[in-house]
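Fold and contact review
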Amino acid sequence: MGSIGQETSSTMDFTHHINRKSKARHPSPLKDIIKFMGVDGMISLAGGLPHPSLFPVQQAKFECLAPAAPLPDYNIARAPEDDILALTLGRGKEPGDLDLTQFLQYGSGTGNANLLKLCKSLTETVHSPPCQYECLLHPGNTNAWAKVVGMLCEDDDFVLVEEYTYPSAQALWIPLGIRAVPVVADGEGVSASHLRGLLEGWDEKERGGRRPRVLYLVGVGSNPTGATISTQRRKEAYDVCVEFDIILVEDDPYYFLQYPNYNPSQSSQPTESSSPLLSPSSFLKTLTPSFLTLDTQGRVIRLESFSKTLFPGLRLGYFIANPTFTERLLRATEVETQDPAGLSQAFVLGLLNKWGVDGYLTWLQRLQMQYRVRRDWLVKAFFENFTVLPARESPVSKAEGLVACLKGRDGTLKPVFSFIDPTAGMFIWSKFYFSYVPRFQTLQSDSSLEDPEQSFATELWKAWAGELVLLTPGSYYHPWQGKDKITTSQRGAEAGTAHFRFSFATPTEEQIFSGVERVRRVVEKYWV
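I will try to describe carefully the structure that is included in this document. (Residues numbered from 1 in each chain as written. Predicted model: local features only at pLDDT ≥ 70, side-chain atom pairs only at ≥ 80, totals over all residues. Heavy atoms only, no water.)

We now examine the packing of aromatic side chains. Under the counting rule described, the total for this entry stands at 33 aromatic pairs. With 5.8 Å between their ring centres and 40° between their planes, Tyr262 and Phe383 make a pair best called tilted. Taken together, the positions of Tyr262 in the loop between strand 10 (247-251) and helix 9 (280-285) and Phe383 in helix 12 (residues 342-385) put the pair 121 residues apart, joining distant regions of the chain. When the centroid spacing of 6.3 Å and the interplanar angle of 65° are considered together, the rings of Phe434 and Trp527 count as edge-to-face. Placement of the pair is Phe434 in the loop between strand 16 (427-433) and helix 13 (438-444) and Trp527 in helix 16 (residues 509-527), with a sequence separation of 93 residues. Looking at Trp527, the relative accessible area reads 1%, which means it is buried. When the ring centre of Tyr133 is taken as reference, the NZ or CZ atom of Lys120 above it lies at 4.3 Å. Seen from the ring of Tyr255, Arg302 lies directly overhead, with NZ or CZ sitting 5.0 Å from the centre. (Phe/Tyr/Trp six-rings, centres within 6.5 Å; stacked < 30°, edge-to-face > 60°. Helix = DSSP H or I, 4+ residues; strand = E, 2+ residues; numbered from the N terminus. Buried < 20%, exposed > 50% of the residue type's maximum accessible area, 1.4 Å probe, protein only. Lys NZ or Arg CZ within 6 Å of the ring centre and 35° of its normal.)

This part takes up the pairing of strand 2 (residues 84-90). Where burial is concerned, most of strand 2 is hidden: five out of the seven residues are buried. Here strand 1 (residues 59-65) runs beside strand 2; their pairing, made up of seven bridges, is antiparallel. Of the residues in strand 2, the one forming a bridge with Lys61 is Thr88. By the bridge criterion, two bridges tie strand 2 to strand 3 (residues 98-99) in an arrangement that is parallel. Its bridge partner being in strand 3, Gly90 is matched across the sheet by Asp99. (Pairing = 2+ DSSP bridges.)

Among the secondary structure elements, Leu329 is positioned in helix 11 (residues 323-336). Discounting residues that sit within four places of it in the chain, Leu329 has contacts with Leu136, Lys147, Val148, Met151 and Phe319. (Contact = heavy atoms within 4.5 Å.)

Read from one edge of the open sheet, three strands run 1-2-3, paired in mixed fashion. This sheet does not close on itself; its edge strands, each paired only once, are strand 1 and strand 3. Along the sheet, helix 12 makes contact with strand 1, strand 2 and strand 3, crossing strand 2 at roughly 150°. (Axes fitted to C-alpha atoms, helices over the stretch in contact; angles between N-to-C directions.)

Fair warning: the whole summary comes from geometry, so function is off the table for now.
Encoded structure:
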């Protein structure tokens, strides 16, 4: 099954990347039988499928928003009638918009054929992959990544990751003895030159394992850093992957939540009237091209999700990968998770059939606007509570992006934290500077403390929690490199610093401004 409507590059043979466990997987014989059950006239005395007449679901009705409907405040029970689309999923003679029957029974593992067709149409419209690929449904990107690790990685392998990486991605591999190899990154994403240097200089004896064969990236609005890898960096990183035969796993739940930089001179928040909707094709041109768009060899495995674009409780997404990989991923799916939930598949297919691909892209563009506004609230709150300066004009000239400072009792500006204004996603990654803080200096002089930076970061986090404001500790995102690289000094991190992640996804405008004010009040007790 190749891509649609264009010439495709021939996919390279990547069977040598399949690990021993995955190579040993055989097709599920039960799934083979299901295929024959669909043959006209077949009388099946073989299967153990429950009889459809005994399913207690007859009809499901949903009231959904139209793609261009104004988004209601979450305290409002329902949107105005004109903005509602009725979606009916049913069985029998009056199935409504979609016949539920096919979604209530066991499936083949690939997912519903019509939903897969829609996923392929989206893939063509958004990414136009230049190589042969297939789509395969999965129950969310966390599970999808677990299946990729189960296919590509041997126990005690190494995996290339960003300098700070999504904790759930590595939590599953730690028990397998797998360790991370962090790649230096900045506001434009991972450094291809550092990536090449790591691979060129890899010493299997010194490292205790073979050279990494997998690169895991959250390339847009990275969790936690908020960084988006620039187009040029993507090309450079992909070239390195080609040179060293690396499989690139593109985990991209925030792809459609890209937006411009914060503009402090803008007197009011952007709205749909001040920033009118673009046509679907024009909207897609504003987005950074995915790694899949650059993939001429079939070495990218892309993880797509409906969690951030519809809602997380669906537990539904899809792989985009070359057939060598989707065939092995299907073998794991057949015996591990089987199909994603049938009702989730039916809802997404029914809704997107109603909206159409262009309607879905309209919805995504409006989501983009919403998260841009929320990002603006948080950055504006920083400006209102701190003196925010470009790094080159701040007391920490080597910092990246912007530096939030407070004026000390002696009148000098003391740096509190630096951050890069994110252009995608839901997070701002902050780097706090402790060297000016008397309490940290006391901890630093305590020879019994193995990691004074982490000790003070924990104390600071607890002080914020006492003021009823929560940030996510940066320690959650440290790549796991083994038990001997846990402390700040062992990891080679900058002394006297620690990170925290701010999220602007959930709080209201009032909560964001109140929350940052509470952060400042605690900081003043330590810094000033």
